[in-house]
Every structure is written in C-alpha cells, then in structure tokens.
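Residue-level structure breakdown
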Amino acid sequence: PHGVADSAGGSCGCRCDAGYAGSSCELETCNGVVTRSEAEGAVRATAVGRYDAYSRCGWLLTGGGAPFVALNLSSIRLELGFDEVRVYEGGVIPASFSAASTTSDDFLFSTFGSSPAATLAVRTPAFVAFTSDGVWSGSGFELAWSAQQAACETDADCSGRGSCRDGECRCDVGAYGPTCSFEKCVGLSTIEGAVAGMLQAIDDSQDDYLSSVACRWELAMPTTIESLDPPLSVTGLRLNFSLFELEEPQVTNPDLGIRSSTTDAVRVLDGNGTILDTFSSTSNANRPTMGEAIALDGPPPFTLRFDTDINNPRPYRGFRAFFLAATKEETLCHAEHFPCTDVEKPECRLFAGEAHGYCTAKSSPPTSALLPASLAATFAVLLLIGGLCCVVQRRRRRRLKGIIKEAEREFARWEPLPEEHRGATALRAQLTESILRVRSSLSFRGTDVGDSRPGSGNASPAARGVRSLPKRQRPRVVSAVGLPEERYHCFLSHVWSSGQDQARALKGQLQRYVQNIQPFLDVDNLDDTARLEEHVGNSEVVIVLLTGSTPARSCPSSPPGGARSDYF
C-alpha cells in the first residue's frame, strides 16, 4: 500500500512512496541507495515519527533524461552539527555508500539543523545522501525534485552573480554551481575562450573552503592567439598565486613527533590529462612562492583541480591564482601579474578592453590590437584642419590689431583748422568734413552705424559721403587716445533752443562707438560760463551744429550777419 510496481530497467520492483523503503516498501524510514528515474517526485527521511539512528540513505536522481533537476529541500528537522543532507552531481556515489565508487566526490551542498535551503539546480544524475549518528533523531526532511532542460533562462536565474548563456550560468569570479549560488568552489566551472583571468577557491566574504570536494576549473582557451600579428600557438600555461592557504599537517603528539596528514592539493593538468604540477602545504617544496610567475608547458585545454579531504582542523582560505596563456618566447603579458622580462621587448602593450597584452619594443609599430590605420588617418586630418583654423585666426587677429593701431594714429594726428580757413564758406566745408570723419568713425568691422549697405534707401548723407571716398581713405576709429584732465577730444557747439536734443544724441553716439572719447557738452561739463572759451581751446576738435540763425554777437569769430543752414 506504500508504493507502486516499477519495471524500469527490465526488472520488477516497487517504487516506494516518500519516506518508505524496502523491497516491498514495508519500512517506514529510508534505507540504502535507491535510483529514481522519474522527471519529478519527492523523498523523505521517514514516513512517520522520527528517522532511525545510524541512517545511511541515498537517492540517485536521473531526471528522466533531462540535463538538470531542481531540488527544493524543506521541512528540515535534523540534529544540528551531526546529521546532514549532502548533494552531489555527476552520478558519483560517495565511497561510504558503495565500495566501487571513486573517492573524488563531486560534492555540491550540505545542510543540517532546521534551516530550509533555497531551490537548487543540479546537473543530472544527482545524488542526495542522508546520514545520522546514534544519539538523537528528529522528524527528518522532505526533498522534492523536478526535471529542467536548462539551468537558467535569463540572467536573473544566475543569483545575480553571473550571466545566462545557452541555458547555463557563466559565474563571476568567486561564484560557483549551476546557478552561481555557491560562494565556495564546487563541481566543474568552465571558463571558455579566456586567455587570462583569475581563479579562487572561495569568495572573498568566506574564510574556509569546503571539505570532501573536487573543484575543477576547465580553461577552454583557444589553441591560437589570433589577436597577435602573426598569430601564435599556445604552448603552455603561466600561474601566479597571490594567496595560498591550504590545510597543513598538525602535530598531534609533540613528545613523539606525531603529525596528522592531509591530502588537500591543487593540481594542474594539460589537454592530455598529464599532471603538470601539484601545489600543497605539506612541505615548502610544494608550496608556491607568492607573486612569482610559474611556467608550465603543455597543450591546451588546461584543467586546474582542487581536491580536499574530509575535514579542516581550522579555517583555511584556500588559494587565489592568476593565469595567462603561454606562447613561444613569452609573447603575452599582463600589466600587473605577468610583466615582460625580455630587455628587447620591455613594454606590455594591452589589447583593447583587456588587462593583458603582448610584449613589444617601445618603437615597434602597432599591430591589430591598436587603432586601425583608417582611424589614425582620420585623426591626422582633424589635427591638420585644426592647425589651419588656428593660423587663419591668428592672421585675422593681427590684421584687426593693425587696423586699430592705424585708427589710433589717425585720431592722434587730428588737429583744429588753421585760423585762415575759418571763414564762413571754408568753416562750413571743414565742419562738414569733421562731421563725416566722426560719422565714419562710428563703424565696426567695416559696417556703418546707419544702414549704408549698397542699395539701402535710408543711408544717411554722411554715410553716402564716406562711401564716396576711396576705401583706403575711410577712417576707422574704434579707440581714442587718452587726454589729460579737462581736455576734450571734441567740443559740441549748438543752440539750446533748437539743437540741445541733437547735441545730446550726438554725444551718446560718439561715446557708444568710440572707446575712451571725451566730448564736451555744456549741460554736462560747463560749470562756469566765463570758462567757455577756455574749454573750446582745450578741445581737439569743435563740432558746430547749425540748426538755426546764429547771432554774430554770440560768437565774435562768426561772419557778419550770422549764418543759416540745415541740421547736419
């Protein structure tokens, strides 16, 4: 009543319900090794009550031919520290369960006490073992399994410590297992296509590696390094240990000099299965020197195997090793762990995006690892264009500086009209010329203040007059020379009743477009009418705005009867 008939394998037998065992499922506790070929199911330590003392039970789960099985361990009630459930992968039955089994157990996981474990993906066939001592027993455990065609479907299935590719997790350094859920090395870890990298027995957060395990790292590196020019074949492997802390023999009886033994060791094998070297803590001769590169010759792919025995008397952190493919004459290098040793090629030129590269002389031309020739040519063209732009800009600046200096010299040569040319007709002509000079000075980079472009309908008479002059004779005043206090570049003479606003506007325009100019305007600068003629004498140029009749008595030098004109 506690099982069903099962003819798998060509023989008739019983497939017992969870917790039952025996040829007729008559036992209410697990017993011996049972093979389960279903795609899903469950097993228990006992059907009712407590499990037996000295229990030794095992289940070989094939998953119905699927490559993985997902294990969900729950309802755990075991004696803490003594009774435990252990999980192995690869179909290897531990030596304690079968005399014909190997001692290299592919141990993955163990649990005891009452803490349920998370769901775990394991390669098939998987072996689940349960052992107990003879002191105390609990209600046991329940384990359910289901077949899976892949260990992962997305990166989220890799415990956040790896990436999912082709249904398997590629774990980060320090993460292990089919779903990268282990922080201590377990089973097989394949590193595909890696020319250089790092291996370590446990994650940095851990302080002791597992016992009774055979961790393996298969370095499936390419047989030829195509990134070199010319390509070179891989002829060996180089290792550099930065940590090596394995179990050491302990002195158990100081009086008799008796020491315990250990078999914990790291072995390196080549593609033919030949052991290239063995590293352990049993003697100084077998212990690697930290920071010193070790060269091993052999064909790829290489396998690094870490075997541990049944116990560690105290915590050991295992090892951390950096590896690099070896080629003829040590062409490859690593910036930190495998520097170049050839004096003729002392520089380690890194491959793009990698921490390793190749040894070369400093004057050697770049290879395929460096920038392509087309990119270098583009960069050279950009440099040439930038240089031409700089030359043009410098020439333009020198030209503008020359224009400014010439304008300053012309302004410095500005002199009042001679006395004999101050008649009414001559005065009017000279003042007109002065106004044209002032108006033409109100230009910036050759553009007049008014709209004086060819064809413009609103160009001022002054602007039209300036355009009538030859280009080389057009004044370009942009800055005025400095003058002593109470001296002025120009004196703005006008009639208050009709020219005050125009004089104010002209002064503003002069100050806007001629730097440092000091124009005299009576409303701003005249503090005493008695000094009016003094201010006229202290001005380099007198600009007269004729906006009406000017009485002769107001200006002794005016012609008799005054003069009238339109506004300039």
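Below is a short write-up of the structure. Once a new chain begins, its residue numbering starts again from 1 and follows that chain's sequence as written. Under the rules for a predicted model, residues below a pLDDT of 70 receive no local features and side-chain atom pairs below 80 are neither given nor counted, while totals for whole chains, interfaces and linings still include all residues. To get the side-chain values, all heavy atoms of the structure are used, and hydrogens and water are removed first.

1. What about the sheet that holds strand 19 (residues 236–245)?
Threshold: Any two strands between which DSSP finds at least two bridges are classified as paired. Strands are runs of DSSP state E lasting at least 2 residues, helices are runs of H or I lasting at least 4, and numbering of each runs from the N terminus. Whenever a helix is involved, its axis is fitted only over the stretch in contact; in every case the axis is a line through C-alpha atoms, and angles between N-to-C directions fall within 0 to 180 degrees.
Taken in spatial order, the four strands make up an open sheet running 15-26-19-24, and their pairing is antiparallel. In this open sheet, the two edge strands, each paired with only one partner strand, are strand 15 (196–200) and strand 24 (294–297). For this sheet, the mean inter-axis angle between neighbouring strands, taken without regard to orientation, is 25°. Where strand 19 and strand 24 come together, four bridges link them in antiparallel fashion. For Arg-238, the partnering residue across the bridge sits in strand 24 and is Ala-295.

2. Notes on the side chain of Ser-132
Operational definition: Think of a polar contact as two N or O atoms within 3.5 Å of one another; within protein, one of them needs to be a possible hydrogen donor and the other a possible acceptor, and neighboring residues in sequence only count if both atoms come from side chains. Here, residues are in contact when the closest pair of their heavy atoms is within 4.5 Å.
With respect to the helices and strands, the residue Ser-132 is situated in the loop between strand 10 (126–131) and strand 11 (140–148). Only 3.4 Å separates the side chain of Ser-132 from the backbone nitrogen of Tyr-54, close enough to count as a polar contact. A polar contact of 2.8 Å, which involves the side chain of Ser-132, links it to the backbone nitrogen of Ser-55. Those residues within four positions of Ser-132 in sequence are excluded, and the remaining contacts are Tyr-51, Asp-52, Ala-53, Tyr-54, Ser-55 and Asp-83.

3. A few points about the pairing of strand 16 (residues 214–220)
Operational definition: Partly exposed residues are those whose accessible area sits between 20% and 50% of the maximum for their type, while under 20% is buried and over 50% is exposed, using a 1.4 Å probe and protein chains only.
In terms of burial, strand 16 is largely enclosed, as five of its seven residues are buried. Strand direction decides the pairing type here: strand 14 (residues 188–192) and strand 16, joined by five bridges, are parallel. Note that in strand 16 the partner of Ile-191 across the bridge is Leu-219. Here six bridges tie strand 16 to strand 25 (residues 302–307), and the two strands are oriented antiparallel to one another. Paired with Arg-216 across the strands is Arg-305, a residue of strand 25.

4. Considering the sheet that holds strand 8 (residues 107–111)
Strands sit in the order 3-5-10-7-8 across an open sheet of five strands; the sheet is mixed. Among the strands making up the open sheet, the edge pair consists of strand 3 (32–36) and strand 8. Direction aside, the axes of adjacent strands within the sheet are offset by 15° on average. Two strands pair when backbone bridges link them, and strand 7 (residues 84–89) and strand 10 are joined in this way by six bridges, in the antiparallel orientation. Among the inter-strand pairings, Val-85 is bridged to a residue of strand 10, identified as Phe-130.

5. Regarding a nonpolar patch on the surface
Quick note on the threshold: Residues qualify for a patch when their relative accessible area is over 30% and they have no salt bridge, like charges being joined within 9 Å and the nonpolar side chains of Val, Leu, Ile, Met, Phe, Trp and Tyr within 5 Å. Per-residue accessibility takes into account occlusion by the displayed protein chains alone, with areas from the Shrake-Rupley method and a 1.4 Å probe. By definition, a salt bridge exists where a carboxyl oxygen of Asp or Glu is found within 4 Å of a side-chain nitrogen of Lys or Arg.
A cluster of nonpolar residues, Val-381, Leu-382 and Ile-385, forms a patch on the protein surface that exposes about 280 Å² of accessible area. Here Ile-385 shows up in helix 1 (residues 373–412).

6. Focus on unusual backbone geometry
In this chain, Thr-124 is followed by Pro-125 through a cis amide linkage whose omega measures -10°. The omega angle of the peptide bond from Pro-300 to Pro-301 is 0°, so this bond is cis rather than trans. Along the chain, the position of Pro-301 falls in the loop between strand 24 and strand 25. Its identity as a non-glycine residue notwithstanding, Ser-159 has a phi of 60°, on the positive side. Within the secondary structure layout, Ser-159 lies in the loop between strand 11 and strand 12 (162–165). A positive phi is found at Cys-180, a non-glycine position, where the angle reads about 60°.

7. Details of the pattern of salt bridges
Oppositely charged side chains may form a pair once their charged atoms are brought near each other. By the definition in use, this model includes 19 salt bridges. Where Glu-347 meets Arg-349, a salt bridge forms, and the shortest distance between an N and an O atom there is 3.9 Å. Residue Glu-347 is classed as partly exposed on the basis of its relative accessible area, which comes to 26%. Linked through salt bridges whose partners overlap, the residues forming this network are Glu-89, Arg-123 and Glu-168.

8. Re the environment of Cys-348
Mapped onto the elements, Cys-348 comes out in strand 28 (residues 347–350). Judged by relative accessible area, which is 22%, Cys-348 ranks as partly exposed. Residues Cys-348 and Thr-360 lie twelve residues apart in sequence; the distance between their C-alpha atoms is 6.5 Å. Filtering out sequence-adjacent residues up to four positions away, Cys-348 remains in contact with Cys-333, His-334, Ala-335, Cys-340, Gly-357 and Tyr-358.

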